[in-house]
Every structure is written in structure tokens, then in C-alpha cells.
Amino acid sequence: MAARKSLLLTRKSLLLKWFTIPRPVYPMLLLVRPFATLGPERSPASTPSLNSIGRVHSTASYCTGSAETWAQYGIKLACESDGKYMEITFVDGYSTRFNSTWLRYHCHCDHCKQAHSGQRLIDPSSVPNKLTVKHVQLNGDKSLVIEFNEHDHKTIIPVDFLRENDYSPAARAERSRLRDPVHLTGADKLPIIDFKDMNTNEGLLSWLVAVNDYGAAIIKNTPTREDFLGELLDVERKGFKVHPTIGPVMPTIYGNFFVVEGADKPVNIAYTDVYLDLHMDLIYYESAPGIQFLHCVRFDDVVQGGESLLLDSFLVAEQMREKFSAQFDALRRIPASFQKVHYERDSPVSMKYQKPVIVCNPEGKLTAVNWAPAFESPLSIAEEDIPPFYEAYKTYATLLKESPHLIKFRLVPGDVMTFNNRRVLHGRSSFALNGGRRKLMGCYMNIDEFKSQVEVCAQLCGKPTTAKRVGNHDFF
């Protein structure tokens, strides 16, 4: 607890503390007042410190609770106006507000939220479209009880829940900033992790955070057994009560595990010795594979070429936005088409999916790039959109080809190349075997399960963190 208080006191100007550490429990002084006069984008006060001390001198008759009760917990409330919104001013001077209907939908009572699972039980059809606050009272020192004029229900909401879920422009912007990934600008930024360190909680967390932050990491000095990836993803690690493994493995049309080696009749261009241009795997899925694992089990010295290529698609997309904004917007607006149609294989497949190359959330933050030229199907768009699409398409392709941030390196047996397939493009230079062998074993992990692992493992290690954007179209 002493360490937590020290952290709070030394980070006075950041909302970060509200979103990356466990909920603090301490008495708060706050002013609550329903109001209707302020617009929806009212600018909040500057971000507060948690150890500030102040007083609120005004109260209203329909904010109930004895003076002794308020004084005991250091809390006073004041309510005014017609209750379409409720404004809260905390002891440190930070002020924010909540829509009355929003408050009703986030009730924590047993009828509206199941205690153990945390799932909401509220029936949306039972809630009036417009609500106004009738009165508010204090329930102990931790929650507010809110009644509405148009609805016969007492809404219970914890005070710290309101602080943590503040949706003011400043709070949303800060949460968004915490999710910004770190651009992978070159080989010197590519994290390297020794396999022996992966057997500890801290080592596993360092790998999770590295891949989440930068989009890729190399695990060195692993065994060269062909079945090693199954062990890497499925082995349980001591000390984790929830999700103690990296996995599970994500099955695809290529099975749970696949071999990257030359084949007489390849079902994928990767199973040849030709140059493999930068791309994302299986982008014709609704949810394409997230983290890809490529384990080098053999790479003979006589083999010439075959270097691995990595490039951060988010980094290049942001450069495109800055230099060629019209083309960037065209790739956001006009959808591309992707497909895998192959009937002459052991397990025939026919998959088609249409989605934009670039996806942004309503605030303009980049949330996804979809890039797999080898698996594109004919465009099916309005004719007038064809010229701007291909102009933008060529611009992005050229930026990728000429990028100074391309990482090129040769794997050695025992290396596991791990990268976020939804963000970091990968490829391979052509190679000549010269009588030798180049063999990789591969598998995938679902991107949402990886993102969950980042936050779960960080929490269990006592280092709570916010997962970065992973390219899965999530608007947060």
C-alpha cells in the first residue's frame, strides 16, 4: 500500500494512474450536481492530483445523507438544475459529468449486474429514453444511490467506477494515448528475449509486452525439436492462477501447426523458394490470425538467401497519412477484396472477404491495416472509385517498398520469430538450397486472446498495464 501511495503522489498530473493501477480506496470529497445547461463536449478541468484537499460548501435538499455522514467520509454533495446530466467535482478539483441515462444503464445493484460474473442483467427495453435525476444519496463511503423522475428504480454506482469510466474528452484522449503502439523503426528496436527467461513470470510478461508494444520479438536459444512450438504455447508456468500458458493455438485451414519448407505442389507460395513480398497471413478471414510463431528448426549454412523481412504497417500508414492524405482517405473509404479459393487441395477452401485496407476509429486513430496483395480478388466497387483506389493502393505499396524501416535478418536454428500478423508485415527473400535445407515450423494465436494475456499476466505480476492497439479493428 505504501508503494501505491507513493506512485499516486508522484504522478499528480496524469490520468494514467486512474487507468493502469488497481482502484484506490480512500475517502473522497466530491460535489455532485445534475445539470442541463452545459454542452456535450464541455472541457473538463485540468487533470487532478489525488492527494489534494479541499472543501465543498454547498448542498441541496434532494442530496440526502446527514451532515455527520458526509463529514465522516469527507464527502459532500450538491445538486441543482433539472437533472439531465450529473456533474461530479472531486476533492482534488477535477470535474466531469455523466448523462443520466448512462448512469441508469451502469447500475451495480443485484437486479442489474450479476456480482460474480460482472455481467449486466438490465433489460434495455425497460429503460425510458430520457431520464432526469430526482435525488442522490450517499451509500456508505463508496457508492451513490440515484433516483430518477421517470423511472421507479434506485441506481447504485460506486464512486471509483465513475472516476475510472469518465468519458470526458480529456479522459478518453488519455485512455487512447495509452493504447498507442510503439513504432518498430528498425532492427535496433526489435526486442530479443532468451528462451530461458521465458520460464519465469517476469520473462513471459516481458515477451508479451514487447510484442504488444513493438509488434514483434525474437526468442533465442530454443530447442530445435519440430514439436517445440506446442510446448512453448501450452506449458504451464508456476504462479499464474489464470491463463498460465501463452496459448491456445489458433487452428486455421493450414491446421494447428504448419511446416514452411519447399513442396512439389505447394498450397501456399510460402512453401517455395521464391521471393515472398510483404504481407499479412489469412487476411481473408473475418478475424485473421493474430500472433504468428515461426520456429527455425533448420537453416543450413550452404543455403543462400532466405532472409526474413519485417515492416510495421502502422508506421508506414501514418507516414502515408502525413504525406498523401487524400490517398490515405481513399484506402479508408474504398474496400479491397480478399480471397482464398482453392479446390485442388486436400481440404478444399473458399473464403472471400471485403474490407478497407486502412481502418480508423471515429477519432481518427489507426485501428487496422489489411494488406495481402497475393490474396486479393477482383475489386467489386463503384466504377468511379476504381481510379482513386488504385492510385492510393500504389502509393502505399511504394511507401512499403522504399521504406527505410524494413528489417532484414537471417534466422538461425533455435530462433522463434514472433510477430503481430495484424500489424507487422512479413516476407522473405528468395533462396537457393544448394543441397541444404531451410525448415520452419509455424502456428498462430488469436489476437484477442493475446491482448487479454497482456493485461491478465501484467495484473498477476503486479504490474497492471493497458494493452496497445493490436490491429484487430477495435475502436478503443
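Residues numbered from 1 in each chain as written. Predicted model: local features only at pLDDT ≥ 70, side-chain atom pairs only at ≥ 80, totals over all residues. Heavy atoms only, no water.

## Here we look at the overall build of the protein chain
Link 1 in the chain: Looking only at helices and strands, the protein chain features 12 helices and 23 strands.
Link 2 in the chain: Counting across all 476 residues of the protein chain, residues that qualify as buried make up 52%.
Link 3 in the chain: Counting contacts in the protein chain only where the partners sit at least 6 residues apart, residues at least 24 apart contribute 75% of the total.
Link 4 in the chain: With an accessible surface of roughly 22,400 Å², the protein chain has 51% of that area assigned to carbon and sulfur atoms. (Helix = DSSP H or I, 4+ residues; strand = E, 2+ residues; numbered from the N terminus. Buried < 20%, exposed > 50% of the residue type's maximum accessible area, 1.4 Å probe, protein only. Contact = heavy atoms within 4.5 Å. Areas by Shrake-Rupley, 256 points an atom, 1.4 Å probe, with all protein chains shown as cover.)

## Things to note about the pattern of salt bridges
Link 1 in the chain: Enumeration over the complete set of coordinates arrives at 17 salt bridges.
Link 2 in the chain: Connected through shared salt-bridge partners, Asp 180, Lys 365 and Arg 469 make up one network. (Salt bridge = Lys/Arg side-chain N within 4 Å of Asp/Glu carboxyl O.)

## A look at the nonpolar core
Link 1 in the chain: Core analysis: the largest hydrophobic core is formed by 58 residues, its most contacted members being Leu 310, Ile 358 and Tyr 396.
Link 2 in the chain: Ranked by residue count, the leading element in this core is helix 11 (residues 386–401), at 6 residues.
Link 3 in the chain: Core analysis: the second largest hydrophobic core is formed by 32 residues, Leu 208, Met 441, Phe 450 and Ala 467 among them. (Core = buried A, V, L, I, M, F, W, Y, C linked by side-chain atoms within 4.5 Å.)

## Considerations on unusual backbone geometry
Glycine aside, a negative phi is what most residues show, and trans is what most peptide bonds show.
Link 1 in the chain: Phi at Leu 282 is positive, roughly 50°, even though this residue is not glycine.
Link 2 in the chain: On the secondary structure map, Leu 282 appears in the loop between strand 11 (276–279) and strand 12 (291–299).
Link 3 in the chain: Leu 282 gets classed as buried once you look at its relative accessible area, which sits at 5%.
Link 4 in the chain: The backbone of His 473 sits at a positive phi, close to 75°, despite the residue not being glycine.
Link 5 in the chain: Relative to the helices and strands, His 473 is located in the segment after helix 12 (447–460).

## Considerations on the packing of helix 10 (residues 325–333) against helix 11
Link 1 in the chain: Following both chains from N to C, one finds helix 10 and helix 11 inclined at 115°, their axes separated by 8 Å at the closest point. Taken together, helix 10 and helix 11 sit at an angle that is classed as roughly perpendicular. Like other packed secondary-structure pairs, helix 10 and helix 11 cross with a definite hand, here left-handed. Across the interface between the two elements, Gln 327, Ala 330, Leu 331 and Arg 333 of helix 10 pack against Pro 388, Phe 389, Glu 391, Ala 392, Tyr 393, Thr 395 and Tyr 396 of helix 11.
Link 2 in the chain: Residue composition of the contact of helix 10 with helix 11, grouped by class: 7 nonpolar, 2 polar and 2 charged. (Axes fitted to C-alpha atoms, helices over the stretch in contact; angles between N-to-C directions. Parallel < 35°, antiparallel > 145°, perpendicular 65-115°, else oblique. Left-handed = near helix turned anticlockwise from the far one by under 90°. Nonpolar A, V, L, I, M, F, W, Y, C, P; charged D, E, K, R; others polar.)

## Structural notes on the environment of Thr 224
Link 1 in the chain: Tracing the chain through its elements places Thr 224 in the loop between strand 9 (216–220) and helix 8 (228–234).
Link 2 in the chain: By relative accessible area, which is 42% here, Thr 224 ends up partly exposed.
Link 3 in the chain: For the pair Thr 224 and Gly 414, spaced 190 residues apart in sequence, the C-alpha separation works out to 5.3 Å.

## Here's the deal with the sheet that holds strand 23 (residues 438–445)
Link 1 in the chain: Read across the sheet, 6 strands follow the order 8-9-20-12-23-10 without closing on themselves; strand pairing throughout is mixed. Every other strand in the sheet has two partners, leaving strand 8 (192–194) and strand 10 (258–260) as the edge strands with one partner each. If you compare each strand with its neighbour and ignore which way they point, the axes differ by 25° on average.
Link 2 in the chain: Here 8 bridges tie strand 12 to strand 23, and the two strands are oriented antiparallel to one another. Looking at the pairing, His 295 lines up with Met 441 of strand 23. (Pairing = 2+ DSSP bridges.)

## Thoughts on the pairing of strand 20 (residues 416–420)
Link 1 in the chain: The buried fraction of strand 20 amounts to 5 of the 5 residues, a majority that puts the element mostly inside the structure.
Link 2 in the chain: Going residue by residue along strand 20, you find Val 416, Thr 418 and Asn 420 tucked away on one face and Met 417 and Phe 419 tucked away on the opposite face as well.
Link 3 in the chain: When strand 9 meets strand 20, the two strands line up antiparallel, connected through 4 bridges. If you follow Ala 216 over to strand 20, its bridge partner there is Phe 419.

## Some remarks on the sheet that holds strand 21 (residues 424–428)
Across a sheet, paired strands are connected by hydrogen bonds in the backbone, their directions being either parallel or antiparallel.
Link 1 in the chain: Taken together, the 4 strands give an open sheet; going across it, the order is 11-21-14-19, and neighbouring strands pair in antiparallel fashion. The open sheet has two edge strands, strand 11 and strand 19 (407–409), and neither has a second partner. Averaged over all adjacent pairs, the angle separating strand axes in this sheet is 15°, with direction ignored.
Link 2 in the chain: Alignment of strand 14 (residues 308–312) against strand 19, held across 3 bridges, turns out to be antiparallel. Within strand 19, the residue paired with Leu 310 across the bridge is Ile 407.

## Some details on the packing of aromatic side chains
Link 1 in the chain: Counted according to the given criterion, the structure contains 15 aromatic pairs.
Link 2 in the chain: Between Phe 258 and Tyr 444 the ring centres are 5.2 Å apart and the planes differ by 35°, which places this aromatic pair in the tilted class. With Phe 258 in strand 10 and Tyr 444 in strand 23, this residue pair connects regions lying 186 residues apart in the sequence.
Link 3 in the chain: Using a relative accessible area of 3% as the deciding quantity, one classes Tyr 444 as buried.
Link 4 in the chain: Centre to centre, the rings of Trp 371 and Tyr 393 are 5.1 Å apart; their planes meet at 40°, and the pair counts as tilted. Pair noted here: Trp 371 is in the loop between strand 18 (366–369) and helix 11 and Tyr 393 is in helix 11, with a separation of 22 residues, a long-range link. With respect to burial, Trp 371 and Tyr 393 carry one shared label: buried.
Link 5 in the chain: Of the aromatic side chains, those joined through ring pairs into one cluster are Trp 371, Phe 389, Tyr 390, Tyr 393 and Tyr 396. (Phe/Tyr/Trp six-rings, centres within 6.5 Å; stacked < 30°, edge-to-face > 60°.)

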